[in-house]
Structures are given as C-alpha cells and as structure tokens.
Amino acid sequence: MSNLHGRQAAWSRYWRHGALHSLPDDFDGNYAGTIRAFWLRQFQTLASDQRVLDIGTGNGALPQLVCQACTGATPHVDAIDLAEISPDWIASQPGACRDSLHFHSGVSAEALPFPDRSFDLATSQYGIEYCDAARTVPELARVLKPGGRVALLLHHHDSRLAEVAREELRLADWLLQEGGFLDCLEAIIPRVAQAASAEGRERLRADPSANRAREDFNRAMQALATAAAASPFPDLLEEARAFSAQALNALQGESAADILSRCHEYRESLQDARLRYAELCECAMDEATVASFARRLADSGLVAIRYAPISHDNGMLMGWTLVASAAEA
Ligand SMILES: C[S@@+](CC[C@H](N)C(=O)[O-])C[C@H]1O[C@@H](n2cnc3c(N)ncnc32)[C@H](O)[C@@H]1O
C-alpha cells in the first residue's frame, strides 16, 4: 500500500485516542462472539514459557485476550505495529500480565527485529493483510520456531466491514470534495458570526458573496439530507450534520476563528478515517486473494494451511480465519 508515512501517521493518531481496536462501532469492549472464541481456541494451549508475536497489534486487542485466556501463566507476547501505539489499558492489569506483554511501536512486519525461530505462535487480527505480503510472509516464516503456529483473522472482500468501508469511503470523499459540504460550512461560519451585530448585518447585505455562501450552504444541507436518506450506512453524514449544527450553535459564545479551527480538526479526522476505509477496501481479500496468500505461506515452508470464512453469531460475515504451522525440525 502506498504513502507509508501518511498511513503510519493516521493510524498513530487513531491509536492515541485510546481505542482498543479498529472496530469500536461493532464491539464495545474487546472482540466477542465467534471471533473471541476463535482466538481463545488458539491461545488455550499456550504455556507461560512460550512466545507469541502479534502483527499490526494496534492498541493490543489480541494481547489483552491472551492475558484473559492464560490467567496466571501468560506467555511472553511481542506485539508490533508500524504506528505509534498507546495501549494504556495495560497499566491496570495484574503484574503477571503487564510483565509478559511487550509493545513495539514503529516496527514494520516486513522487517521484524527478532532472531530466527523465536516464536511459538504468530497472530494477526485485521493487520497482516495491510502489509506487503511478498516481504512479510518470509519474515513470518523466519521468526517461527519449528512446529510454531500461525493464526490470522483477515478482512474479507464481502464482509459487512468491507461493505461499510466502501460506502464510508464514498461518503467521506463526498463531504471532503472541493466545494462540498465542509467547504460550504467553513465559508458560512464567518458570515454567521458577522450577523451577530447590526453593523455586521448591514455589511453582509451589501456583500453578494455572503448571499452566495448562504445559498451554497443551504443547498449543501439539502444534498446531505438526500444523500443520508439514500445511503445504507449514513453514519458519517449524520455525524457531519450534527457537527455542523454544533459548530453554528457554538458561534453564540465562541469566535469564528475558534470554530474554524474545530472545523479544521474535524476535516483532518475525516481525512484520516478516509485513509483507513481506503486501506481496508484495498486489503480485503476475496477467495482468489486469500488462496494466493496461502500459496505464499506454503512457498515459505508453512504447512497445514487452512482458511475459512468466519461470521458473527448473527450470521454476518466478518472475515477469513487462516491457520498454518511451520514444519517440525
Ligand atoms: C485495522 S488495524 C488492526 C489493529 C488490531 N490488530 C485490532 O484488531 O484492533 C491495522 C493495523 O496494522 C498496522 N499496520 C499496517 N501496516 C503495517 C506494517 N507494514 N507493519 C506493521 N503494522 C502495520 C496499522 O498501523 C494498524 O495499527
């Protein structure tokens, strides 16, 4: 995937806000249901003297599950991510768990800083498919001990997550486009602030561009309502509508400059979210892609490779699970 620096910065900003994982709209706490059950099965045979590698760990949703699955006998976990991560939850964990987890920010899966044959289990949850497979898979094979295992949860092209990401990518582009909703909102803010005084209102009446800005904003609001009604996943548009109402309301007590700087932050967070949706769409695997990923693992010497779709308890498709092993010595 392109623009490494931009991706790294966008994910770092996301993790800094403290989310445990990348699907806060789908899971309140940690992953639950069939996904949690899949991971608990992978972790149940781990012993405290074993070592686990988690790739693309984010704020450590999987390491947290390792702690929950292996209470009192937590294996040594190295959790890596290209981004700067902030797994603050670890501070409140029992000592045994805290001492076992080792988070490494700014580490790329394509160049793992671990010796050959280090790990008994390598995991990744919606992480490894974001990496360059040609360079990451040989690295993964290199750091596994003989007989070591791999367990992955990968994005599926037809999952609800990918479907939502495709729609949200389209809606983010719509909001951010030149002359679009955000531009119209930013253009109207100084005018609304000006209308607070009689003198300001007088100047606005003599300014044709102010009238145009008002008409453009009204049209943008109408277009937003129409687009929201037509979208199967309109959350992003509802958020934009709520944000604009709050911003305009806040002009009663705050300066236009302060509100515009809030608009700027909102635009940046939308640009970051856009990048995350685009990445998800790009890396989500159809049957042919997951088969080719499995062939890559086999080419790097992994055996017993099995993959299958995984769905939520309610039947909603959530991804692919893939398990494999390194050959015994
Ligand atoms: C969708 S998030 C998943 C995070 C976590 N595993 C979870 O389940 O919540 C993908 C993560 O992969 C990381 N990532 C992307 N490319 C990477 C690379 N080449 N090496 C290491 N991490 C990478 C991103 O920074 C991001 O934190």
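Keep in mind it's a predicted model, so treat the numbers as computed, not measured. (Residues numbered from 1 in each chain as written. Predicted model: local features only at pLDDT ≥ 70, side-chain atom pairs only at ≥ 80, totals over all residues. Heavy atoms only, no water.)

## Concerning the pairing of strand β7 (residues 317-326)
No. 1: For β7, a buried count of nine out of 10 residues is recorded, marking the element as mostly surrounded by other parts of the structure.
No. 2: One ladder, built from six bridges, connects strand β5 (residues 144-154) with β7; its direction is antiparallel. Its bridge partner being in β7, Leu154 is matched across the sheet by Trp320.
No. 3: As judged from the eight bridges shared by strand β6 (residues 302-311) and β7, these two strands associate in the antiparallel manner. Directly across from Ser311, in β7, lies its bridge partner Leu317.
No. 4: The loop that links β6 with its antiparallel partner β7 comprises five residues; one of these, Gly315, has a positive phi angle of about 90 degrees. (Buried < 20%, exposed > 50% of the residue type's maximum accessible area, 1.4 Å probe, protein only. Helix = DSSP H or I, 4+ residues; strand = E, 2+ residues; numbered from the N terminus. Pairing = 2+ DSSP bridges.)

## Let's talk about the packing of helix α10 (residues 235-250) against helix α11 (residues 256-283)
When two helices pack together, you describe them by how their axes are tilted relative to each other and by the distance separating the axes.
No. 1: Where α10 contacts α11, the two axes come as close as 10 Å, and the packing angle between them is 170 degrees. The angle between α10 and α11 places the two elements in the roughly antiparallel class. Listed contacts from α11 to Leu236, Glu239, Ala240, Phe243, Ala247 and Ala250 of α10 are Ile259, Arg262, Cys263, Tyr266, Leu270 and Tyr277.
No. 2: Among the residues making up the contact of α10 with α11, the classes are represented as 10 nonpolar, no polar and two charged. (Axes fitted to C-alpha atoms, helices over the stretch in contact; angles between N-to-C directions. Parallel < 35°, antiparallel > 145°, perpendicular 65-115°, else oblique. Contact = heavy atoms within 4.5 Å. Nonpolar A, V, L, I, M, F, W, Y, C, P; charged D, E, K, R; others polar.)

## Observations concerning the state of the cysteines
No. 1: Considering all chains together, one arrives at one disulfide under this definition.
No. 2: Lacking any disulfide linkage, Cys70 is separated from the closest cysteine sulfur, that of Cys67, by 7.9 Å.
No. 3: The exposure class assigned to Cys70 is buried, which follows from its relative accessible area of 7%.
No. 4: Free cysteine: Cys263, not disulfide-bonded; nearest cysteine sulfur from Cys184 at 12 Å.
No. 5: Cys263 gets classed as buried once you look at its relative accessible area, which sits at 0%. (Disulfide = S-S within 2.5 Å.)

## Considering the layout of surface pockets
No. 1: Volume-wise, the second largest pocket comes out at about 230 Å³.
No. 2: As for the second largest pocket, its lining consists of Ile188, Arg191, Val192, Ala195, Arg201, Leu204, Arg205, Asp207, Pro208, Ala210, Asn211 and Arg214.
No. 3: Elements supplying a minimum of two residues to the lining of the second largest pocket: α7 (181-194), α8 (198-205) and α9 (208-230).
No. 4: For the lining of the second largest pocket, the element with the most residues is α9, which contributes four residues.
No. 5: Grouping the amino acids of the lining of the second largest pocket by side-chain chemistry returns six nonpolar, one polar and five charged. (1 Å grid on protein atoms, 1.4 Å probe; cavity = no way out; pocket = protein on both sides within 12 Å on 5 of 7 lines; lining within 4 Å. Points joined across faces, edges and corners; volume = space filled by probe spheres on them.)

## Digging into the side chain of Ser100
No. 1: Checked against the element boundaries, Ser100 lands in helix α4 (residues 95-100).
No. 2: Those residues in contact with Ser100, other than ones at most four positions away along the chain, are Thr74, Pro75, His76 and Val77.

## Some details on the packing of aromatic side chains
No. 1: Evaluation of the coordinates by the stated rule reveals 11 aromatic pairs.
No. 2: Residues Tyr14 and Trp15 carry aromatic rings whose centres are separated by 4.9 Å and whose planes lie at 80 degrees to one another, so their mutual orientation is edge-to-face.
No. 3: Looking at Trp15, the relative accessible area reads 6%, which means it is buried. (Phe/Tyr/Trp six-rings, centres within 6.5 Å; stacked < 30°, edge-to-face > 60°.)

## Observations regarding the domain arrangement of the protein chain
No. 1: Taken domain by domain, the protein chain consists of domain 1 (4-159 + 284-326) and domain 2 (161-280).
No. 2: Relative placement of domain 1 and domain 2: their C-alpha centres are 37 Å apart.
No. 3: On the side of domain 2, nine residues touch domain 1, which itself brings 16 residues to the contact.
No. 4: Interface area, domain 1 with domain 2, both sides summed: about 1200 Å², of which 54% is carbon and sulfur.
No. 5: Viewed at the interface, domain 2 and domain 1 are joined by two salt bridges.
No. 6: For Arg13, the salt bridge goes to Asp272, with nearest N and O atoms at 2.6 Å.
No. 7: At the junction of domain 1 and domain 2, the tally comes to eight residue pairs in polar contact (both at pLDDT 80 or more).
No. 8: Its residues placed into classes, the side of domain 1 that touches domain 2 shows eight nonpolar, five polar and three charged. (Domains from an automatic or database assignment. Buried area = accessible area lost by both parts, 1.4 Å probe. Salt bridge = Lys/Arg side-chain N within 4 Å of Asp/Glu carboxyl O. Polar contact = N/O pair within 3.5 Å; in protein donor to acceptor, adjacent residues only side chain to side chain.)

## Considering the site of the ligand
No. 1: Taken together, 21 residues sit near the ligand, with Trp15, Gly56, Asp81, Glu110 and Gln125 positioned nearest.
No. 2: Note that an oxygen atom of the ligand is positioned 2.6 Å from one of the side-chain N or O atoms of Asp81.
No. 3: In this structure, a nitrogen atom belonging to the ligand sits 2.9 Å away from a side-chain N or O atom of Glu110.
No. 4: Protein chains bury 99% of the 600 Å² of accessible surface belonging to the ligand in isolation.
No. 5: With respect to the detected pockets, the ligand is housed in the largest cavity.
No. 6: Broken down by element, the residue count for the shell around the ligand peaks at three residues, all from helix α1 (residues 4-16).
No. 7: Each residue belonging to the shell around the ligand can be placed in one class, and the counts come to 11 nonpolar, seven polar and three charged. (Near = heavy atom within 4 Å. Areas by Shrake-Rupley, 256 points an atom, 1.4 Å probe, with all protein chains shown as cover. Sits in = over half its atoms within 2 Å of the grid points.)

## Description of the nonpolar core
No. 1: Formed by 44 residues in total, the largest nonpolar core has its most connected members in Leu175, Phe181, Leu185, Ile189, Leu236, Leu237 and Leu270.
No. 2: Looking at which element gives the most residues to this core, the answer is α11, with 10 residues.
No. 3: When residues are assigned to domains, this core turns out to be shared by domain 1 (4-159 + 284-326) and domain 2 (161-280), each giving three or more.
No. 4: Discounting chain neighbours no more than four positions away, the residues touching Leu270 are Leu175, Leu176, Leu182 and Leu236.
No. 5: Ranked by size, the runner-up nonpolar core spans 28 residues in total, among them Ile80, Ala109, Leu112 and Ala122. (Core = buried A, V, L, I, M, F, W, Y, C linked by side-chain atoms within 4.5 Å.)

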